[in-house]
Protein chains: 2
Amino acid sequence: MKYFEDFAVGEREQFGSYSVTAEEVAEFAGKYDPQPFHLSDEAAAKTHFGRIAASGWHTCSMTMAMLVAHMKDDALASRGAAGIDELRWLKPVYPGDTLRCETAVLELRPSRSRPDIGSVRSEMKVYNQNDEAVMRFVSIALIARRTD
Amino acid sequence: MKYFEDFAVGEREQFGSYSVTAEEVAEFAGKYDPQPFHLSDEAAAKTHFGRIAASGWHTCSMTMAMLVAHMKDDALASRGAAGIDELRWLKPVYPGDTLRCETAVLELRPSRSRPDIGSVRSEMKVYNQNDEAVMRFVSIALIARRTD
């Protein structure tokens, strides 16, 4: 199990491969973000998207799916997250794209109010198959501390 | 149609009502955030969540659904969003909760690179049925400018 004490500032990881399908883009957008440019190529053609693009929140959710799969490989002692800073949707994500993740640990901070956890501040960058960065954010993850 | 020019700093709105169901929490978590405390009451009982709580990204997505429904009422000339700052998951969101939104316009900025749009920086606060703030973020929305 990977605990708060096992993280190091500057640590980098690359992981994940997520195929963005037209069906999933339509399903997510229909439920949570039914703006025309996420649902119709004709409407998207009138915007900078050009054609149907995934909801930015869908990109966040697909990124989380890659992260949780990776955390399972590492058996991370996750206790949720406090939040996200500086989230930027840098390029549209299109059906047919394949996404991957790169992370770097920026800062480690033991919790003052909850001695059983610490917060790990990391940069997340998501790239498409052309190595274009499509999204960036800084996450504040809560990780259990070793008790032994 | 509501354009960039129709926004005013300090403008506040309240809208939305979203019933969080156990089925939807399980479906979203299973697909995008299958951490034990989003899937099992027993696993959640070992964490500060206490019982199954919605994924934070699910809370973002439900918030977006309320926002898009509200934008349709207003016929907002949305062109997507640049990003999100200072996102904080303040309290767990549980199945059975009912969420609502409060927004305040913080800043208006015409785009330098794209004269057809402007960015609207707004605070979003999401409350549950007990008027507890469960999430807060600052959004940077891209809104079309009037062409006439």
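Let us look at the structure shown here. (Residues numbered from 1 in each chain as written. Chains lettered and ligands numbered in written order. Predicted model: local features only at pLDDT ≥ 70, side-chain atom pairs only at ≥ 80, totals over all residues. Heavy atoms only, no water.)

### Let's talk about the nonpolar core
The condition is simple: The term nonpolar core refers to a set of buried residues drawn from Ala, Val, Leu, Ile, Met, Phe, Trp, Tyr and Cys, joined through side-chain atoms within 4.5 Å. Buried residues are those whose accessible area, probed at 1.4 Å on protein chains only, stays under 20% of the maximum for their type, while exposed residues exceed 50% and partly exposed ones sit between those limits. The contact rule is simple, with two residues in contact once any of their heavy atoms fall within 4.5 Å.
If you look at the biggest cluster of nonpolar residues, it comprises 52 residues, and the most contacted ones within it are W57, L87 and L99 of chain A together with W57, L87 and L99 of chain B. Setting aside residues up to four positions removed in sequence, L99 of chain A forms contacts with G16, S17, Y18, V20, T59, M62, M66, V93, V126, Y127, N128 and V134 of chain A.

### With respect to unusual backbone geometry
Spelled out, the test is: Helix numbers and strand numbers start at the N terminus; a helix is a DSSP run of H or I with at least 4 residues, a strand a run of E with at least 2.
Not every positive phi belongs to a glycine, and D131 of chain A is a case in point at roughly 60°. One can find D131 of chain A in the loop between β4 (117-127) and β5 (133-144). Positive phi is not limited to glycine here, since E86 of chain B has a value of about 50°. You can see E86 of chain B is positioned in strand β2 (residues 78-89). Residue classification places E86 of chain B among the partly exposed positions, given a relative accessible area of 36%.

### Looking at the packing of aromatic side chains
Applied cut-off: In this scheme Phe, Tyr and Trp rings, the latter by its six-membered ring, pair at centre separations within 6.5 Å, and the angle between planes marks the pair as stacked below 30 degrees, edge-to-face above 60, and tilted otherwise.
If you walk through the whole model with that rule in mind, you get 11 aromatic pairs over all chains. The interplanar angle of 55° and the centroid separation of 5.2 Å between the aromatic rings of F28 of chain A and Y32 of chain A together place this pair among those described as tilted. Residue F28 of chain A and its partner Y32 of chain A are located together in helix α1 (residues 22-32), separated by 4 residues, close to a single helical turn. Note on F28 of chain A: relative accessible area 4%, which makes it buried. Centroid distance F137 of chain A to W57 of chain B: 5.8 Å. Interplanar angle 40°. Geometry classified as tilted. Residue F137 of chain A is found in strand β5, and its partner W57 of chain B is found in helix α4 (residues 56-74); the two belong to separate chains.

### A short note on α4 of chain B
Residues and elements named next belong to chain B. Our working definition: A helix's residues, less one, multiplied by 1.5 Å, set its expected span. Think of a polar contact as two N or O atoms within 3.5 Å of one another; within protein, one of them needs to be a possible hydrogen donor and the other a possible acceptor, and neighboring residues in sequence only count if both atoms come from side chains.
For α4, which comprises 19 residues, the first-to-last C-alpha distance of 27 Å matches the rise-based estimate of 27 Å (1.5 Å per residue) to within 8%. Taken across its 19 residues, α4 has 14 buried, putting it largely inside the fold. For α4, the N-terminal capping position is held by S55, with its side-chain oxygen 3.2 Å away from the main-chain nitrogen of W57. Count one or two residues on from α4 and you reach A75, which has phi positive near 50°.

Take it as geometry only, folks, not as evidence of what the structure does.
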